[in-house]
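# Geometric and topological summary
What follows is each chain in one-letter form.
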Amino acid sequence: MSRVLVGVKRVIDYAVKIRVKPDKSGVVTNGVKHSMNPFDEIAIEEAIRLREKKVAKEVIAFSCGPTKSQETIRTALAMGADRGIHVIVPDDKVDKLTPLQVSKMIVKLVEKEKIDLVILGKQAIDGDNNQTAQMVAALLDWPQGTFASELKIEGETASVIREVDGGLETVELKLPAVISADLRLNEPRYATLPNIMKAKKKKMEKLKAADLGVELTSQLQVVSVSDPPKREAGIKVENVEELVAKLKEGGVI
Amino acid sequence: MLKSTGSLFRHNQLSTLGAINYIRNGGVAMTTTTTTTNNKRQLSTTQRMQVGKESNSFIQNLFLGKCNVSQVMPYPTALDEEQLEFVESLIDPFTKFMTEVNDPFKNDADAEIEPRTLEGLKEMGAFGLQVPVELDGLGLTNTQYARLVEIVGMNDLGVGIALGAHQSIGFKGILIQGTEEQKAKYLPKLATGEQFAAFCLTEPTSGSDAASIQTRAVKTDDGKAYILNGGKIWISNGGIAEIFTVFAKTKMTKEDGTEVDKVSAFIVERAFGGVTNGPPEQKMGIKCSNTAEVHFEDVRIPAENLIGLEGEGFKVAMNILNNGRFGMGAALSGTMKTMIMKATDHVTDRVQFGSKLHDFQGIKEKLARMSVLHYVTESMAYVLCASMDAGHKDYQLEAAVSKIFASEAAWTVADETLQILGGMGYMKDCGVERVVRDLRIFRIFEGTNDILRFFLTLTGVQFYGQNMGDVTKALKSPIANIPTLLSFGSGYVAKRASTKMGMSDNTDLNKLSHPTVADSAKLASKCIKSFGISVENMAMKYQKKFIGMQSHQTIMANAVIDIFGMVSVISRASDAQSKGHDSADNESAMANIWCQEAAKRVEDGLKTLEDPQFAQRVKWMGDISKDLVETQNIIPTHPLGF
């Protein structure tokens, strides 16, 4: 039976109106509502279902981020994860974190905790990188089933239906493997109040990146963040000739 | 030690029964739960509402002209860091459920909570929030419960009542006064929502006059059981409950051998047989909350299902209602939040006459008034919870004030929101008219606001009577009673004299108030003094007659409510300032708006009490009412003569 590692990230809540910082270094996060990345909720839900089907024996929720990430791990525990691991990242290093470092941490944890199955959300709604699952698979040299909308595990084989541009693709992977969850994989359960209470007693291990031998330096640097250009009003044209003229004017053709 | 005096109430042997009869004789058919410390009757382990001679309740002391803010200032919190963290961790998941799964429109349209939502609420643990963890509940304190119930109030009051009828009153008796066996037997299934509970007091001929109920429980000859017969109406959860807290008359023998009927409280299971219910009542609002008649025909109740002792049912009922009242303040402050945000959202977008609505001063005033009403409600509610959690037992008057204020403020805020939204507010889809309909009942059930006002004044004056009766009598004929005055302390007389001149003294209230609300604190001090003098004047002038003077009692009650509101917001704003909240200055402004207007209402009201023209109006109103009843016809002759 598998030991499942699920990554959960604390992100700005999807319903919040994002505002760019005046100095264009990023978005305003102070005092803004945060919650678990929606795709990570789906990932946790899938892992818990596997445990309920007795395909998995333990679900471990992992997050790397500031202290508040522990709230996100607690939510995962309240949904049913067995224990949590928090890799603390100092506040000034949080913005510099990229998928590559996170993947390296996951690789180390896979070794340390003897993980057979990694399930991640397909992407985080803040970075929208869609890289971590793929990088983890590559670093571990494990098969990957990304954009999963259905997952079936029988013995040592995982059957994944992937949502791709052309439709649905089914791949069969030999465990151990890495899966990334897409929207239609499942509908996550609500954390119930009694479960939140029980989650308080579940184990939460706290580590530093250095404990996993991972450097928090990055080759990437965010140069600036700005709002998309404001939508401008359109104009009406009388006929096709005028249309072509206007398009030429605008340098479009 | 209580002496017999000529003051408002005779207090030798002031038993509960005595208090009931006194007030009933005066024409106000209601009861208080006061007992004196001299009461020699058989005492049970029943939790008694303390209206003894000593109290730190702000409102009780108000009636003595004393300013005791120890329970109100500094703004109390009864949660430690762990409890705060825990309840905070419940907010998001519970909010998520209430906003994403619960559909208030559907619940209202179907007059039923959607089955999927009901199951979800059970899994959520929403049915046993305050049941101890060992009995499968969440073990929340009152303050934690209040914070969660705010979320329900923000979203769906119908669900709020379904939950509240179940745990706030339905099985509360078992929770606060049950034996260990009763708790172990009943609470687990109630906590998980496997079984629902209902509170059964009201009957066709007994609403406010709860002591007049006719449902009867007759003890069997072997004393092992009671046979219950009778009918209850308008019982929330009546159609779906398995466990009922039922109040019925039982015959008891007094020490002197005479028999008397007293109310007893029972845990009744539908499974006992003989329990039936009527169809769901079609209501104006809170439609998804089941309301039905419940009938009992020869229901056999084992004697061990008594809650408290035989004959103590009335106290049990009052304890339960008092204990549950705090929930309303919290829920309704949540409702107000939603309404204010709906109004704000509208005035931010809507343009008329070339400007956004919020640019107009009229709208600014509306939004501000709604915010202030919410602020006062919320401040009172959390003062009350903190008091209860701190273990104070003398909170019944604060609970009554909180309920009256919250229900009326919420009505005003929802109604004003509907007004701001204009025609759209009147349309079902908008969601505001449903809230208005849901809110109407809150001024009626759990003690009508009218009765609660009388209760407030009479209980307060009774407290005054217990403490000051001697002095009042002495003041009536000072020469003959100088020794009494002297023994009481000339300080009192001097104090009374100085307060009559309207000087405020340097009490804790002033010391604990932040400079930004210092003027409001002075206004509050003055009101407190004026009120104390009014109490004394009423007591001296009218004595027993006061019991029937309901118009006067209403004015006094309104003054109490205003003053408690003042002190609550002064405390809260001072707290916000001392914690350096970003909102602190706005909070001080809200507190000051409230206090300036409340102080004026208080002073005007208290002046009215002494105004002979008011007495004349009361008399005229009595004549008009009498005429209406006698002729059963509208009074004025029509302008056209027919």
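Scope of this entry: the structure provided in the associated data block. The shown structure was predicted, so the numbers you read here are calculated from the model rather than taken from an experiment.

### Points about empty space enclosed by the protein
Residues and elements named next belong to chain B.
- Taken as a whole and judged by the stated rule, the model has 4 cavities of 30 Å³ or more.
- One number sums up the size of the second largest cavity: a volume of about 40 Å³.
- Pro104, Asn107, Asp108, Asp156, Gly158, Ile286, Lys287, Cys288, Arg434 and Asp438 are the residues that line the second largest cavity.
- For the lining of the second largest cavity, the secondary structure elements donating two or more residues are helix H4 (104-110) and helix H14 (432-439).
- Ranked by residue count, the leading element in the lining of the second largest cavity is H4, at 3 residues.
- Within the lining of the second largest cavity, the residues separate by chemical class into 3 nonpolar, 2 polar and 5 charged.

### Some words on the sheet that holds strand S10 (residues 177-181) of chain A
All names here are of chain A.
- One open sheet accounts for 9 strands, arranged S9-S8-S7-S10-S6-S1-S4-S5-S11; its pairing is mixed. Each edge of the open sheet is held by one strand with a lone partner, namely strand S9 (167-174) and strand S11 (204-208). If you compare each strand with its neighbour and ignore which way they point, the axes differ by 30° on average.
- With 6 bridges joining them, strand S1 (residues 2-7) and strand S4 (residues 56-65) adopt parallel strand pairing. For Gly7, the partnering residue across the bridge sits in S4 and is Phe62.
- Taken strand by strand, helix H1 (residues 38-52) contacts S1, S4, strand S6 (117-121), strand S7 (144-154) and S10, and its axis lies near 150° from that of S6.
- Taken strand by strand, helix H2 (residues 69-79) contacts S4, strand S5 (83-88) and S11, and its axis lies near 165° from that of S5.

### Here we look at the interface of chain A and chain B
- Residue-level contacts link 12 residues of chain A with 19 residues of chain B.
- Across the chain A-chain B interface, the total number found is 3 salt bridges.
- B:Lys96 is the partner of A:Glu41 in a salt bridge, and the nearest nitrogen-oxygen pair spans 3.7 Å.
- The interface formed by chain A and chain B contains 2 residue pairs in polar contact (both at pLDDT 80 or more).
- Of the residues forming the side of chain A that touches chain B, the biggest block, 4 residues, is contributed by helix H5 (residues 193-199) of chain A.
- Tallied by class, residues from the side of chain A that touches chain B come to 7 nonpolar, 2 polar and 3 charged.

Cut-offs and rules
Residues numbered from 1 in each chain as written. Chains lettered and ligands numbered in written order. Predicted model: local features only at pLDDT ≥ 70, side-chain atom pairs only at ≥ 80, totals over all residues. Heavy atoms only, no water. 1 Å grid on protein atoms, 1.4 Å probe; cavity = no way out; pocket = protein on both sides within 12 Å on 5 of 7 lines; lining within 4 Å. Points joined across faces, edges and corners; volume = space filled by probe spheres on them. Helix = DSSP H or I, 4+ residues; strand = E, 2+ residues; numbered from the N terminus. Nonpolar A, V, L, I, M, F, W, Y, C, P; charged D, E, K, R; others polar. Pairing = 2+ DSSP bridges. Axes fitted to C-alpha atoms, helices over the stretch in contact; angles between N-to-C directions. Contact = heavy atoms within 4.5 Å. Salt bridge = Lys/Arg side-chain N within 4 Å of Asp/Glu carboxyl O. Polar contact = N/O pair within 3.5 Å; in protein donor to acceptor, adjacent residues only side chain to side chain.

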